[in-house]
Amino acid sequence: MPLTQDDVLRIAHLARIDLDPAEVAPLHAKLGAIFGILDALAAIDTDGVAPMAHAQDVALPLRDDAVTEGDRRDLYQRVAPAVQDGLYLVPRVVE
Amino acid sequence: MSHATLAAQARALAAREVSSVELTRAALARIERLQPTLNAFVTVDADGALAAAGEADAARVRGDAGALTGVPIAHKDVLMTEGLRTTCGSPMLADFVAPYDAHVVAALKAAGTVLVGKTNMDEFAMGSSNESSHFGPVKNPWDTTRVPGGSSGGSAAAVAARLIAGATGTDTGGSIRQPASLSGVCGLKPTYGVCSRYGLVAFASSLDTPGVFAATAEDCALLLGAMAGHDARDSTSLDRPREDYTRTLREARGAKPLAGLRIGLPREYAGDGIDAEVTACIAAAVRELAALGAPTVDVALPAVKHSVAAYYVIAPAEASSNLSRFDGVRYGHRAARYADLDDMYRRTRAEGFGAEVKRRILVGTYVLSHGYYDAYYLKAQKVRRLIADDFRRAYEACDVIAGPTAPTAAFALGAKSDDPVQMYLNDIFTIAANLTGAPGLSIPCGFTRGGLPVGLQLQAPSFGEARLVDVAHRFQQATDWHRRTPPVIAS
């Protein structure tokens, strides 16, 4: 089913990317061309094929449930746009 | 000395014929002269490099020097460097200074290398031409009206112009091998899991692979040897014994050093869509390999033709998830004006990401969204298995697979920048190794009539890096394509 302009607006909302109204039509055309190659997947026979999520067939390792990292909060927050008292500041979400 | 390989620089340093400060000053001078022409760097750290070079020289005096102590290199700007800005070629991270080093950065620092700067790249490593960088495109040193390839185009161009002897890159769908091919240098993408992804700003986590650029296969092996190794901070890092990837290069084998090695030639790597001059260069390189003793066998990789479609579902899906972290809260750009939290996210991401990154996030969001997951994402993962099965069967009949790295030599700046599908098709020969996790090495193997380099891609089963390096080294002992340098050096 071809991608519609409503689909573009819907996925832009899901991805939290603001679109200028003038961007929508050209973006729709480019995404449509991309899906033109992706839609060829549908015709490939994959009956009985197990999906491959990862290059190496190994189980993810588990480590001991122990604290290994020191407190680096101040270091990591130095690159944040807005912090106060060790907290990240965002616009008010609860009135 | 300026054209010396990494191995030659290391030998000269060890023999005290040159100091790291001298090598580093010379590298910085070359960068200063050619940066306006090539735009290979986003950040040059002259003070930091000279301080590190001084420390390297002091370490040598103390007797603390390792194999790479004092050799100047550069890192792709997607690898985090403590205290030195890491931009990923994006407005989102234009002012981001990482609080820690990536594992491979720390490993190469521990090996004594001197970091001269961070190389330019397609934004968030998404591109095959370097034109999506926020800091402007890198120019191909062989023809500055052409692209160097991407996404690690800055590293490729910097090594091609001999600004530095070695550089890191990352390869998610060909982002080391394709620019190596287009820029006329060697580019090695190791097996997934051999180099830690810790501190590599994530694009597609099941495909992202740190690797290296250098003028020779031997130099690639030296750098990889210093970067590889287990790292518990990356859950996909493999715990394997350390390897010397140069271990077979000094074996004397006579006139047929590749005797017994079976070279597989996939029939899918020839024909439509491949430039005739590229085909001719690859055929000549295969004849050279045969002359070195390696018989060729035809192999079939029927599912590889689906690799572009599978990749451009899987990689954007993973990207849409990974790049959701850029929300203007913890790091990176935040929009100056917004109405509420949701509006802040939307404007921050609209302003902070370029057009290609947005397209991939949107494609990924769509293929993971309710009602489409099975048709796209799950289907692509099944096709990924078919491609891996093809290679497994092919390697029953051969040891190494040879073919073109890219379907054409370097194309003109702007030629494909407005056509994402044409850009994606550049990756047709490189993507499969990312889907399977196996290693690939691109080496220079000829030139077009217009003087543009052509790359030969050698592929092997997982953990076959040392074999790839050996084959490439034997080829480079018998040929001089890798010693040719672009005219811009003399300009």
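Details of the structure are given in the entry above.
Cut-offs used in this document
- Residues numbered from 1 in each chain as written.
- Chains lettered and ligands numbered in written order.
- Predicted model: local features only at pLDDT ≥ 70, side-chain atom pairs only at ≥ 80, totals over all residues.
- Helix = DSSP H or I, 4+ residues; strand = E, 2+ residues; numbered from the N terminus.
- Rg over C-alpha atoms; globule rule 2.2 N^0.38 Å.
- Buried ≥ 20, exposed ≤ 12 C-beta atoms within 10 Å, placed from the backbone.
- Contact = placed C-beta atoms within 7 Å.
- Pairing = 2+ DSSP bridges.
- Axes fitted to C-alpha atoms, helices over the stretch in contact; angles between N-to-C directions.
- Parallel < 35°, antiparallel > 145°, perpendicular 65-115°, else oblique.
- Nonpolar A, V, L, I, M, F, W, Y, C, P; charged D, E, K, R; others polar.
- Bend = angle between axes of the 7 residues up to and from the residue.
- Expected span 1.5 Å × (residues − 1).
- Core = buried A, V, L, I, M, F, W, Y, C linked by C-beta atoms within 7 Å.
- Left-handed = near helix turned anticlockwise from the far one by under 90°.

Asker: Honestly, the overall build of chain B in this entry has me stumped. Any pointers?
Answerer: Scanning chain B from N- to C-terminus turns up 15 helices and eleven strands. At 21 Å, chain B has a C-alpha radius of gyration in line with the 23 Å of a compact globule built from 491 residues. Of all 491 residues assigned to chain B, the portion counted as buried reaches 61%. Looking at chain B alone, contacts between residues at least 24 apart form 76% of all its contacts between residues at least 6 apart.

Asker: Would you mind showing me how to read the overall build of chain A here?
Answerer: The helix and strand tally for chain A stands at three helices and two strands. Counting from the amino terminus, helix and strand elements in chain A follow one another as α-α-α-β-β. Here the C-alpha atoms of chain A give a radius of gyration of 22 Å, more than 25% beyond the 12 Å that 2.2 N^0.38 yields for 95 residues. Viewed in the frame of its principal axes, chain A has a C-alpha envelope of about 55 × 45 × 25 Å.

Asker: Please clarify how the pairing of strand E4 (residues 166-171) of chain B should be interpreted in this entry.
Answerer: Both faces of the sheet carry side chains from a regular strand, because those side chains alternate between them. Residue and element names in this part refer to chain B. With six of six residues buried, E4 lies mostly within the body of the structure. Strand direction decides the pairing type here: strand E2 (residues 72-76) and E4, joined by two bridges, are parallel. For Ala74, the partnering residue across the bridge sits in E4 and is Ala167. Judged from the six bridges that link them, E4 and strand E6 (residues 209-214) form a sheet pairing that is antiparallel. Its bridge partner being in E6, Asp171 is matched across the sheet by Thr209.

Asker: Just to check I follow, could you spell out the sheet that holds E6 of chain B for this structure?
Answerer: The strands making up a sheet are joined through hydrogen bonds of the backbone, oriented either antiparallel or parallel. Residues and elements named next belong to chain B. Taking strand neighbours across the sheet as the criterion, the eleven strands line up as E1-E3-E2-E4-E6-E5-E10-E11-E9-E7-E8 in an open arrangement whose pairing is mixed. Every interior strand has two partners, whereas the edge strands, strand E1 (41-44) and strand E8 (296-299), have only one. On average, adjacent strands in this sheet sit at an angle of 30 degrees to one another, irrespective of strand direction. With three bridges joining them, E1 and strand E3 (residues 114-119) adopt antiparallel strand pairing. Bridge pairing in E3 places Thr43 opposite Lys118. Strands E4, strand E5 (186-189), E6 and strand E10 (440-447) of the sheet are contacted by helix H7 (residues 217-227), whose axis makes an angle of about 145 degrees with E6. Lying over the sheet, helix H8 (residues 276-291) contacts strand E7 (263-266), E8, strand E9 (400-404), E10 and strand E11 (453-459), oriented at roughly 105 degrees with respect to E10.

Asker: I'm lost on the environment of Val97 of chain B in this one. Help?
Answerer: Within the secondary structure, Val97 of chain B is located in the loop between E2 and helix H4 (103-110). Linking Val97 of chain B and Gly332 of chain B, residues 235 residues apart in sequence, is a C-alpha distance of 9.3 Å. Contact partners of Val97 of chain B, with chain neighbours within four places excluded, come to Val79 of chain A together with Gly83 and Arg85 of chain B.

Asker: What exactly am I supposed to notice about the packing of helix H2 (residues 21-38) of chain A against helix H9 (residues 307-322) of chain B here?
Answerer: Each pair of packed helices can be summarised by the angle the axes make with each other and by the distance between the axes. Contact geometry of H2 of chain A with H9 of chain B gives a least axis separation of 8 Å together with a crossing angle of 125 degrees. As far as their axial angle goes, H9 of chain B and H2 of chain A are oblique. In contact with Ile34, Ile37 and Leu38 of chain A of H2 of chain A, H9 of chain B contributes Val308, Ala309, Tyr312 and Val313 of chain B.

Asker: Is there a simple way to explain the interface of chain A and chain B in this structure?
Answerer: By a widely used convention, the size of an interface equals the accessible area lost when the partners come together. In this complex, chain A contributes 40 residues to the contact, which on the side of chain B involves 55 residues. At the level of secondary structure, the elements contributing two or more residues to the side of chain A that touches chain B comprise helix H1 (5-14), H2 and helix H3 (73-77) of chain A. It is H2 of chain A that contributes the most residues to the side of chain A that touches chain B, six residues altogether. Split into classes, the residues belonging to the side of chain A that touches chain B amount to 31 nonpolar, three polar and six charged.

Asker: Even after reading the chapter, I still don't get helix H2 (residues 20-38) of chain B, so can you show me in this structure?
Answerer: Two residues of an α-helix separated by three or four positions point the same way, owing to the 3.6 residues in each turn. Residue and element names in this part refer to chain B. When the local axis directions of H2 are compared, the greatest deviation, roughly 35 degrees, occurs at Glu32, which is followed within four positions by the proline Pro36. Among the residues of H2, Ser20, Leu23, Thr24, Ala27, Leu28, Ile31, Leu34 and Leu38 are the ones counted as buried. Where H2 is buried, its residues touch helix H1 (6-14), E1, helix H3 (46-62), E2, E3 and helix H5 (153-160). One or two positions beyond H2, positive phi appears at Asn39, with a value near 55 degrees.

Asker: How should I be thinking about the pairing of E9 of chain B in this particular structure?
Answerer: All names here are of chain B. The element E9 is largely enclosed, with a buried count of five among its five residues. Sheet topology note: the E7/E9 ladder contains two bridges and is parallel. Its bridge partner lying in E9, Gly264 is registered against Ile401.

Asker: What am I meant to see in the environment of Gly166 of chain B here?
Answerer: Residues and elements named next belong to chain B. Here Gly166 shows up in strand E4. The exposure class assigned to Gly166 is buried, which follows from the 30 C-beta atoms found within 10 Å. Placed 142 residues apart in sequence, Gly166 and Thr24 show a C-alpha to C-alpha distance of 13 Å. Once residues lying within four places of it in the same chain are set aside, the contact partners of Gly166 are Leu6, Ile73, Val159, Val212, Phe213, Ala214, Asp219 and Leu223.

Asker: In this structure, what is going on with H2 of chain A? I would like to understand it.
Answerer: All names here are of chain A. With 18 residues, H2 extends 26 Å from end C-alpha to end C-alpha; this agrees with the ideal 26 Å at 1.5 Å per step. If you look at H2, its biggest bend is around 25 degrees, right at Leu27. Those residues of H2 not exposed but buried are Leu27, Leu31, Ile34, Phe35 and Leu38.

Asker: Explanation requested: the nonpolar core in the structure shown.
Answerer: Taken as a class, soluble globular proteins show a tendency for nonpolar side chains to be buried jointly. All names here are of chain B. One finds Cys186, Ala214 and Val313 to be the most contacted residues of the largest nonpolar core, which totals 170 residues. Here the element with the most residues in this core is H9; it accounts for ten residues. Aside from chain neighbours lying at most four places away, what touches Ala214 is Leu6, Val159, Ala165, Gly166, Val185, Cys186, Asp219, Cys220 and Leu223.

Asker: I keep staring at the packing of H9 of chain B against helix H12 (residues 374-394) of chain B and nothing clicks. Help me out?
Answerer: All names here are of chain B. With their axes 9 Å apart at the nearest point, H9 and H12 run at an angle of 130 degrees to one another. Between H9 and H12, the angle is such that the two are oblique. Where H9 crosses over H12, the two elements pack in a sense that is left-handed. Residues Ser307, Ala310, Val313, Ile314 and Ala317 of H9 touch H12, and the partners they reach there are Tyr376, Tyr377, Ala380, Gln381, Val383, Arg384 and Ile387. Taken together, the residues that form the contact of H9 with H12 break down as nine nonpolar, two polar and one charged.

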